[in-house]
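Breakdown of the fold
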Amino acid sequence: MENETTTVKEETSVVPALNDNKTDSIPIESTGTVTNSTPTPNTNPTDNSNSNSNSNSNSSFPHKVDRTEEDLGIKLFLGKSGSWSGLLKQRFSDFIVNEIDEQGNVIHLKATDYTASSDDQSTESTPSTTKEEDLQKLVGEEKTKQFTEFFNGPNKTDPNAFFLFDANENKEQRTELHKVIKLRYNLVSQTDDDKVKVWAEANLKKKSMNDRQQWPIGKPKYVEFKLCKENRDTMDTLSMMSRILRNSEKNFSFAGTKDKRGITTQRVTVWKITPEKLVELNNKLSTLSPPVRIGEYKFVENHLRLGDLMGNRFSIVIREIQGADDQLITESIETFKKTGFINYFGMQRFGTGAIPTYEIGIAMIQGNWEKAAKLILDPRDGEREDATKARKLYKETGDIKNTLKILPRGLNAERKLLIGLKNGQSSYQDAFYSIPRTLRMLYTHSYQSLIWNLMATKRIELFGFNKPIVGDLVIISEESIQKDNQQQQQQQKEEEKEKGKGKEEEEEEIGDETEIEEKKVIKVDFVTEDDVKNDRYTIQQVVLPLIGGNTLLPKNIIGELYIEELAKNNIQPSQFISKNRAIDLRGGYRKLLETAKDTTFKIFNYDDFTIPLALSDIELLKGSQEPQDVPNGKHKAVRVCFNLPSSTYATMAYREILKSSSDMTSQMNMINKNLNSNNKKNFKSTTSSKTTEKIDSDQVEEKPLKKQNTNI
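Residues numbered from 1 in each chain as written. Predicted model: local features only at pLDDT ≥ 70, side-chain atom pairs only at ≥ 80, totals over all residues. Heavy atoms only, no water.

A few words on the packing of aromatic side chains. Counted by the stated rule, this structure contains 20 aromatic pairs. With a centroid separation of 6.1 Å and an interplanar angle of 80 degrees, the aromatic rings of Y114 and Y297 are classed as edge-to-face. Within this pair, whereas Y114 is found in the loop between strand 6 (95-100) and helix 1 (131-139), its partner Y297 is found in strand 13 (residues 292-300), the two being separated by 183 residues in sequence. On the basis of relative accessible area, Y114 is assigned to the partly exposed category, the value being 23%. For Y297, a relative accessible area of 8% gives the class buried. (Phe/Tyr/Trp six-rings, centres within 6.5 Å; stacked < 30°, edge-to-face > 60°. Helix = DSSP H or I, 4+ residues; strand = E, 2+ residues; numbered from the N terminus. Buried < 20%, exposed > 50% of the residue type's maximum accessible area, 1.4 Å probe, protein only.)

In structure tokens:
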């Protein structure tokens, strides 16, 4: 296959030059050099919203396809270095991510133990009265006697037992009664129709809830800790931890989700779980595979919110390098340091299933909620058998109750949407409110991201990337959003009230109104002829809008192309000005180019695939030593480390280094090429020169790479 190299002038003329697997460009003064990635046919899945609902054939399902970069607007490279290839994420340790907090500190997990201070040991001072005396002041002698009999009897043995106090309309008195039951009797209580109901100690689920409510005097009600996980999704990991703790997962919060296919370290906060409980949790987690570790616990006043980070530090190993010697690898990375990369949204932004997330987003923006629901719920190709069975059951019968019974875990949007429909929402749109906001917004944001990618490619194809042009949008200031203290305290009280209920059906995602894009107010301006003449702005200040109700469009042909692209889906810019809470169309601005910070690299020769070439925090906790180069090793790899701001995709950074596509098709082609090369070597080494018998290539034993993983 060939890569097309295009040199783009400011006058927008295009001069193509084809070469064989290289991306060397034709240098022209005062222009940016742009390299097109290999073009591939468009393989967007078909819309299945109008399929026959009674069909049982899988042929009616949307086909699962491997979407290419070009399908998603990811088309160009910046640098002039030659292209080369390598395996990405062959091992989980080949992709290590460490969060960077808002102060610029790279987060590492260095310890898992905890030593409590003397102030942490007790939850209340020693009372001067007995618990019976305190209770009698509130409910009288007779009711105290009855409760004491319950407390010393069924309370200890019957998990279904409970005690009901007389109705009391005075909320303050009920609150005092709850405090006595909790602090003096260590039991769980709740209010039903103005009556305080007390659950038996033998009810372990209720007891564990009460254990969580015991808290050191004077300590903040949040504990922050560091989480290091391997090959696990952030939300799935926290869900597992909440089940072990018998806690609600909504009590956990974090600054940003991290990749599953790798080893990641980040901060997490949890509401009213003591460090001692978390140490016990870590002891249980330490036996799991793939591993999870937590540690470095501390009390904090506020929980983390989405966007409470500066970015991430990536340590990426690219193995099985083909088509590059040490000189080309070094040249590629040094060029990457200078030019940066196009700030595309990576392929994971658009989903991996048969239905891309932006297709659902388009239906939502169009107001076609029934179509959007079908795109989420209908059967699709390439899924597990149990998922297909559940989808077909609902499509053919509309039986929500039994569909929910067999719907596999992990299909969160599907489950929430079905629950919304089951609860009798009056329309499909109302049912969408049942999907957690952060998950619901993935669909519309995916479409906004697709438009951004397409326009970024157009901007660079037409005008290069050396400097701004008239009509471009540029950042003139960025200001952090400062919340009013009273507003923040009120919001936190409401969140704590919800958490205290401990009911999964009332679950509401933490950070509901704190998208990462909202952490800063970006002020922009249009580039004028005078600005261009006086070099007032640089290309690093140029932004493109994530089109929305709060954004401006460039005052040049790029702005016109935005409108043309929207029209292809019968969408008008006016549709982004909406107060509909089911969708978030406010939009924002994103830098056209991004530059990695603190970039370092090391080239390795190696023989053993099983030896990590980058050390995660889990390995460092074990005392593992820095990997060493093996002189004359059979294989070549490079470890590249760099810092990226939040909402920036590492896959788009290392595709720029390699000048190779990061999509699944390209990775599989590279693997097949590598295996075919190994086959030829094996064939030559095991076949005598005198052998004249032809051997079918399918019969040559292939040596598979260990722990191959091409999901990027």
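Okay, the pairing of strand 22 (residues 635-645) next. Among the 11 residues in strand 22, 10 count as buried, and that is most of the element. Taken together, the eight bridges between strand 14 (residues 311-322) and strand 22 define a ladder with antiparallel strand orientation. Bridge assignment links I318 to a residue of strand 22, and that residue is V638. Judged from the eight bridges that link them, strand 21 (residues 597-606) and strand 22 form a sheet pairing that is antiparallel. In the sheet register, K602 faces strand 22, and the bridge partner there is R639. (Pairing = 2+ DSSP bridges.)

Before going further, it helps to spend a moment on the confidence of the model for the chain. Should the pLDDT be low somewhere, the predicted coordinates at that spot are not to be read in detail. Scored by pLDDT, the chain has a mean of 79; 75% of the residues are at 70 or more. Confidence drops under a pLDDT of 50 for residues 483-517, and excluding neighbours within four residues, the segment shows 61 contacts in the predicted structure. Within the model, pLDDT remains below 50 along residues 679-712, and this stretch shows 45 contacts once partners closer than five positions in the same chain are excluded. (pLDDT = per-residue confidence, 0-100. Contact = heavy atoms within 4.5 Å.)

Here we have three strands laid out as an open sheet, ordered 7-9-8, and antiparallel in their pairing. Edge positions in the sheet fall to strand 7 (162-164) and strand 8 (189-192), since each of these pairs with one other strand and no more. The average angle at which neighbouring strand axes cross in this sheet is 25 degrees, direction not considered. Across four bridges, strand 8 lies against strand 9 (residues 195-199) in antiparallel orientation. Directly across from D192, in strand 9, lies its bridge partner K195. Each of strand 7 and strand 9 is contacted by helix 2 (residues 141-152), which is oriented at about 175 degrees to strand 7, the strand it contacts most. (Axes fitted to C-alpha atoms, helices over the stretch in contact; angles between N-to-C directions.)

Here we take up helix 20 (residues 650-658). Within helix 20, nine of the nine residues are buried, leaving the element largely enclosed by the surrounding structure. Of all the positions in helix 20, only A650, T651, M652, A653, Y654, R655, E656, I657 and L658 are classed as buried.

Right, let's talk about unusual backbone geometry for a bit. The peptide bond linking S289 to P290 adopts the cis configuration, its omega dihedral lying at 0 degrees. Tracing the backbone shows P290 in the loop between helix 7 (275-285) and strand 13. Look at K89: it is not a glycine, yet its phi comes out positive at around 55 degrees. By secondary structure assignment, the location of K89 is in the loop between strand 5 (85-88) and strand 6. Of note in this structure, D598 is not a glycine but carries a positive phi near 50 degrees.

Quick look at the side chain of E594 now. Residue placement: E594 occurs in strand 20 (residues 593-594). The side chain of E594 sits in the buried core without any salt bridge; K597 is the nearest counter-charge, 4.7 Å away. Beyond its immediate chain neighbours, meaning those up to four positions away, E594 contacts G340, F341, N343, P645 and T648. (Lys, Arg positive; Asp, Glu negative; His and termini not counted. Salt bridge = Lys/Arg side-chain N within 4 Å of Asp/Glu carboxyl O.)

Our focus in this paragraph is the packing of helix 6 (residues 234-245) against helix 7. Each pair of packed helices can be summarised by the angle the axes make with each other and by the distance between the axes. At a minimum axis distance of 11 Å, the contact between helix 6 and helix 7 shows a crossing angle of 115 degrees. Here helix 7 runs roughly perpendicular to helix 6, going by the angle between their axes. The two elements helix 6 and helix 7 cross, and the hand of that crossing is right-handed. On helix 7, the residues that touch M240, M241, I244 and L245 of helix 6 are K277, L278, L281, K284 and L285. Residues that form the contact of helix 6 with helix 7 fall into these classes: seven nonpolar, no polar and two charged. (Parallel < 35°, antiparallel > 145°, perpendicular 65-115°, else oblique. Left-handed = near helix turned anticlockwise from the far one by under 90°. Nonpolar A, V, L, I, M, F, W, Y, C, P; charged D, E, K, R; others polar.)

Among the nine residues that make up helix 10 (residues 369-377), seven are buried, leaving the element largely enclosed by the rest of the structure. Within helix 10, burial applies to W369, K371, A372, A373, L375, I376 and L377. Tucked into the core, helix 10 has its buried residues touching helix 9 (357-366), helix 11 (385-397), helix 13 (412-422), helix 14 (428-432) and helix 15 (437-463).

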